[in-house]
Amino acid sequence: MMNHAESLANLGFTVSLVGYVESAIPDVIASQPAVTIHAIPTPRRLPRGNKLLYIVAAPIAALSRSLALLRAITRGGRKGIVLLQNPPSIPTLMVARLYTWFWDGSALVIDWHNYGYTIMETT
């Protein structure tokens, strides 16, 4: 996604990067005046040992992550185009689709990677 952001900024687009900041942002992105970073708090891992606790915690975590993403994506005004990297699919696809339909009518473009099953490893 960093390559997309850099390329779009170099072409004169204003870019808002929304996501988890789990490592340092590359200087080539951080120094771009056309790129704004909207960090989402990194979620805690869901409990694995107790299945009942997982069943209760998973919907709460999905709602919490959805609200954090929605809060971040609505910053900075209308987007025009939302470029989404997938995975993670849950809750990213739903939030982005609802945002583009109801918030500002942006086009939704998905950079689809063929390993959506990996979301199950992170929850």
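Residues numbered from 1 in each chain as written. Predicted model: local features only at pLDDT ≥ 70, side-chain atom pairs only at ≥ 80, totals over all residues. Heavy atoms only, no water.

Enquirer: An account of a nonpolar patch on the surface is requested, with residue identities and associated values reported.
Expert: A cluster of nonpolar side chains, namely Met-1, Leu-8, Leu-11, Phe-13, Ile-81, Leu-83 and Val-109, defines an oily patch on the protein surface of about 600 Å² accessible area. Its location among the elements puts Leu-83 in strand E3 (residues 81-86). (Patch = residues over 30% accessible without salt bridge, like charges linked within 9 Å, V, L, I, M, F, W, Y side chains within 5 Å. Areas by Shrake-Rupley, 256 points an atom, 1.4 Å probe, with all protein chains shown as cover. Salt bridge = Lys/Arg side-chain N within 4 Å of Asp/Glu carboxyl O. Helix = DSSP H or I, 4+ residues; strand = E, 2+ residues; numbered from the N terminus.)

Enquirer: Mind laying out the packing of aromatic side chains, listing which residues take part and the relevant values?
Expert: One pass over the structure, following the stated rule, counts 2 aromatic pairs. Between Tyr-99 and Trp-103 the ring centres are 6.4 Å apart and the planes differ by 20°, which places this aromatic pair in the stacked class. Pair noted here: Tyr-99 and Trp-103 are both in helix H4 (residues 92-104), with a separation of 4 residues, about one helical turn. With relative accessibility at 1%, the residue Tyr-99 sits in the buried group. Between Trp-101 and Phe-102, the aromatic rings sit 6.3 Å apart at their centres with planes inclined by 75°, giving edge-to-face as the arrangement. Among the residues examined, Trp-101 registers a relative accessible area of 54% and is labelled exposed. By relative accessible area, which is 67% here, Phe-102 ends up exposed. (Phe/Tyr/Trp six-rings, centres within 6.5 Å; stacked < 30°, edge-to-face > 60°. Buried < 20%, exposed > 50% of the residue type's maximum accessible area, 1.4 Å probe, protein only.)

Enquirer: Any details on the environment of Leu-108? Residues and values, ideally.
Expert: Looking at where Leu-108 falls in the secondary structure, it is placed in strand E4 (residues 107-112). Counting along the chain gives 26 residues from Leu-108 to Val-82, while the straight-line C-alpha distance between them is 4.9 Å. Filtering out sequence-adjacent residues up to four positions away, Leu-108 remains in contact with Val-82, Leu-84, Ala-96, Arg-97 and Thr-100. (Contact = heavy atoms within 4.5 Å.)

Enquirer: Could you give an account of H4, naming the residues involved and the relevant values?
Expert: The terminal C-alpha atoms of H4 lie 17 Å apart, and with 13 residues this matches the ideal 18 Å at 1.5 Å per residue to within 8%. Those residues of H4 lying buried are Thr-92, Val-95, Ala-96, Tyr-99, Thr-100 and Asp-104. Looking at the buried residues of H4, the elements they touch are helix H3 (51-73), E3 and E4. The positive-phi residue at the C-terminal boundary of H4 is Gly-105, with phi of around 70°. (Expected span 1.5 Å × (residues − 1).)

Enquirer: Lay out the packing of H3 against H4 with the relevant residues and their values.
Expert: Relative orientation of the contacting elements H3 and H4 amounts to 40°, with a least axis distance of 10 Å. Looking at the two axes, H3 sits oblique to H4. The element H3 and its partner H4 pack so that their crossing is right-handed. Where H3 abuts H4, its residues Ser-66, Leu-69, Leu-70 and Ile-73 lie against Thr-92, Met-94, Val-95 and Tyr-99. Partitioned by chemical class, the residues of the contact of H3 with H4 number 6 nonpolar, 2 polar and no charged. (Axes fitted to C-alpha atoms, helices over the stretch in contact; angles between N-to-C directions. Parallel < 35°, antiparallel > 145°, perpendicular 65-115°, else oblique. Left-handed = near helix turned anticlockwise from the far one by under 90°. Nonpolar A, V, L, I, M, F, W, Y, C, P; charged D, E, K, R; others polar.)

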